[in-house]
Amino acid sequence: MQPPEEYFRKLEAIFQKHAEALESEVRALQQADETAQWSSAWKKIYNLRFSQAFARQKVFRNWGADAAGCDTLKDFECKNKVCSVTHQWVIVTFSQVSAVPKRLLLKLYNKSSVILNN
């Protein structure tokens, strides 16, 4: 059996490798479709649809909820200022509410304005 530190080092390497590949592929699609040239109205729609597509993937939704539940995610603002949300709002809005533990929903509700948007 390997030490836990070694396991988590390997786990981090796996995540990093796939995150880089995923980002590269998404950036290539954005560049090919020239999404940077879209109007700000379309960029708002893009951010919504991107978040929905992301959250539809069970592994991202579940692991994101785990990270939020452990308070390892910080509030953030989108870099391009097209949207301004917190991770709590994104998780509750774009995931299936039934997949989020009620305890976490209550915690998130107490921290921020929650809009349930199914």
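Shown above is the structure to which this text applies.
The rules behind the values
Residues numbered from 1 in each chain as written. Predicted model: local features only at pLDDT ≥ 70, side-chain atom pairs only at ≥ 80, totals over all residues. Heavy atoms only, no water. Helix = DSSP H or I, 4+ residues; strand = E, 2+ residues; numbered from the N terminus. Buried < 20%, exposed > 50% of the residue type's maximum accessible area, 1.4 Å probe, protein only. Contact = heavy atoms within 4.5 Å. Areas by Shrake-Rupley, 256 points an atom, 1.4 Å probe, with all protein chains shown as cover. Patch = residues over 30% accessible without salt bridge, like charges linked within 9 Å, V, L, I, M, F, W, Y side chains within 5 Å. Salt bridge = Lys/Arg side-chain N within 4 Å of Asp/Glu carboxyl O. Expected span 1.5 Å × (residues − 1). Arc of directions from axis to C-beta. Phe/Tyr/Trp six-rings, centres within 6.5 Å; stacked < 30°, edge-to-face > 60°.

Describing the overall build of the protein chain
Counting secondary structure elements, the protein chain contains 5 helices and 0 strands. The linear arrangement of helices and strands in the protein chain, starting from the amino end, is α-α-α-α-α. Scored against the burial criterion, the 118 residues of the protein chain give a buried share of 20%. Here the analysis covers contacts within the protein chain between residues at least 6 apart in sequence; of these, 46% occur between residues at least 24 apart. Split by element, the accessible area of the protein chain, about 9,400 Å² in all, is 58% carbon and sulfur.

A word on a nonpolar patch on the surface
Taken together, I14, F15, V59 and W63 make up a surface patch of nonpolar side chains, about 380 Å² in accessible area. Elements that contribute at least two residues to the nonpolar patch include exactly helix 1 (4–32) and helix 3 (58–69).

Some remarks on helix 2 (residues 40–55)
In this model helix 2 runs 22 Å from its N-terminal to its C-terminal C-alpha over 16 residues, within 8% of the 22 Å that 1.5 Å per residue would give. Listed as buried for helix 2 are N47, S51 and A55. The buried residues of helix 2 occupy an angular sector of 50° when projected down its axis, which confines them to one face. In helix 2, the exposed positions that point more than 90 degrees away from the buried face belong to W42 and R49.

Focus: the packing of aromatic side chains
Tallied over the full model, the rule gives 6 aromatic pairs. When the ring of F54 is compared with that of F60, the centres are 4.5 Å apart and the planes differ by 5°; the resulting orientation is stacked. Classification of F54 as partly exposed rests on a relative accessible area of 40%. An aromatic cluster is present here, built from W38, W42, Y46 and F50 joined pairwise through their rings.

Regarding the side chain of T35
On the secondary structure map, T35 appears in the loop between helix 1 and helix 2. Once you skip the residues sitting within four places of it in the chain, T35 turns out to touch Q30, K43 and Y46.

Digging into the pattern of salt bridges
In total, this model carries 2 salt bridges according to the counting rule given. Residue R9 is joined to E6 by a salt bridge in which the shortest nitrogen-to-oxygen separation is 2.6 Å. Highlighted residues: R9 and E6, both in helix 1, separated by 3 residues, approximately one helical turn. Residue E6 is classed as partly exposed on the basis of its relative accessible area of 25%.

A few points about helix 3
One full turn of an α-helix is made of 3.6 residues, so residues set three or four places apart face in the same direction. With 12 residues, helix 3 ought to run about 16 Å at 1.5 Å a step, and its terminal C-alpha atoms sit 16 Å apart, in line with that. Taken residue by residue, helix 3 has R61, A65 and A68 as its buried positions. Seen along its axis, helix 3 keeps its buried residues to an arc of 65°; they face one direction. Of the residues flanking the end of helix 3, it is D71, one or two places downstream, whose phi is positive at about 60°.

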